[in-house]
Every structure is written in structure tokens, then in C-alpha cells.
Amino acid sequence: MLVGYMRVSTHEQTTDLQMDALTKAGVSLDWIYSDTGSGTRKDLPGWNDCNKVLRKGDTLICWRLDRLGRSLQHLVGIIEDLTKRGVGLRIP
């Protein structure tokens with residue numbers, strides 16, 4: 001299954017470009033999760049929900065890596081966790 005995640009930092013920003021990229025990549029609207037808030041926040045409910053539904057064999061689609069992780073170290077940790085769980089990652 002393809003699962004999408006998108007994030008904007010402020011309410012003034014829109015997810016339009018991210019949504020277009022995720023749907024063009026084949027992600028169903030039912031499987032797209034989103035957050036509004038800084039990537040430095042540890043409590044991102046959209047990411048938490050997205051991460052909970054990911055299962056072995058799924059692929060996480062994210063518009064850009066900076067939408068997924070708040071730092072290189074954080075991003076590496078996320079990718080290592082996904083890899084251990086058998087979840088792929090694709091940046092369209």
C-alpha cells in the first residue's frame with residue numbers, strides 16, 4: 001500500500017504542491033496524512049497516525065525529505081526505523 005505524508009510549517013502555507021505530488025505518485029486520498037507545524041515539534045499527530053498505519057511491504061511517499069525529518073539525524077532515525085519494519089520510502 002502507498003501511504004502519503006505531508007507537512008507545512010505555518011497555517012499561511014498550503015499543502016497543494018505536496019498533495020498534487022502524492023496523488024500523482026498513486027497515493028489514495030484516504031491514505032494521506034498531514035500536519036501543520038514546525039518539524040522540530042515532537043508531537044505531530046498526522047505523522048503519528050501515518051507511522052502507526054505503515055506495515056511491512058508498504059511504501060511511504062513524502063514530497064521532500066525536509067517535510068519528514070527535522071534534522072539529518074532525525075531523518076536517518078526515521079529511515080532506519082522504516083527499514084527495520086520493512087517499509088519503503090519514496091520521494092516522487
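Here the structure is a predicted model, which is why all the values come from computation and not from measurement.

### Notes on helix α1 (residues 16–24)
In an α-helix, one turn spans 3.6 residues, which is why side chains three or four residues apart end up on the same side.
Thought 1: Listing the buried residues of α1 in full gives Gln18, Ala21 and Leu22. Down the axis of α1, the buried set is contained in an arc of 95 degrees. They therefore lie on one face.
Thought 2: Packed against the buried residues of α1 are β1 (2–8), β2 (32–36) and β3 (59–62).
Thought 3: Immediately downstream of α1, the backbone of Gly26 shows phi near 105 degrees, a positive value.

### So, the environment of Ser9
Thought 1: Its location among the elements puts Ser9 in the loop between β1 and α1.
Thought 2: Separated by 28 residues in sequence, Ser9 and Gly37 place their C-alpha atoms 4.4 Å apart.
Thought 3: Contacts of Ser9, omitting those with residues within four sequence positions, involve Gly37, Ser38 and Arg67.
Thought 4: Engagement of the side chain of Ser9 in a polar contact is seen with the side chain of Arg7, the distance being 3.4 Å.

### Overview of the nonpolar core
Generally speaking, soluble globular proteins have nonpolar side chains that are buried together.
Thought 1: In terms of nonpolar packing, the biggest core is built from 14 residues, with Tyr5, Trp47, Cys50, Leu54, Leu60, Leu68 and Leu82 touching the most fellow members.
Thought 2: Elements represented by at least two residues in this core include exactly β1, α2 (45–53), β3 and α3 (72–84).
Thought 3: It is α3 that contributes the most residues to this core, three residues altogether.
Thought 4: Grouped together as the second largest cluster of nonpolar side chains are six residues, Met6, Leu22, Ala25 and Ile61 included.

### Here we look at the environment of Gly26
Thought 1: Considering the arrangement of structural elements, one finds Gly26 in the loop between α1 and β2.
Thought 2: Overall, the relative accessible area of 49% leaves Gly26 in the partly exposed class.
Thought 3: The spatial distance from the C-alpha of Gly26 to the C-alpha of Gly4 is 9.3 Å, given a sequence separation of 22 residues.

### Here we look at a nonpolar patch on the surface
Thought 1: Among the surface-exposed residues, Leu65, Ile79, Leu89 and Ile91 lie close enough to one another that they form a single nonpolar patch of about 260 Å² accessible area.
Thought 2: Here Ile79 lies in helix α3.

Analysis parameters
Residues numbered from 1 in each chain as written. Predicted model: local features only at pLDDT ≥ 70, side-chain atom pairs only at ≥ 80, totals over all residues. Heavy atoms only, no water. Buried < 20%, exposed > 50% of the residue type's maximum accessible area, 1.4 Å probe, protein only. Helix = DSSP H or I, 4+ residues; strand = E, 2+ residues; numbered from the N terminus. Arc of directions from axis to C-beta. Contact = heavy atoms within 4.5 Å. Polar contact = N/O pair within 3.5 Å; in protein donor to acceptor, adjacent residues only side chain to side chain. Core = buried A, V, L, I, M, F, W, Y, C linked by side-chain atoms within 4.5 Å. Patch = residues over 30% accessible without salt bridge, like charges linked within 9 Å, V, L, I, M, F, W, Y side chains within 5 Å. Areas by Shrake-Rupley, 256 points an atom, 1.4 Å probe, with all protein chains shown as cover. Salt bridge = Lys/Arg side-chain N within 4 Å of Asp/Glu carboxyl O.

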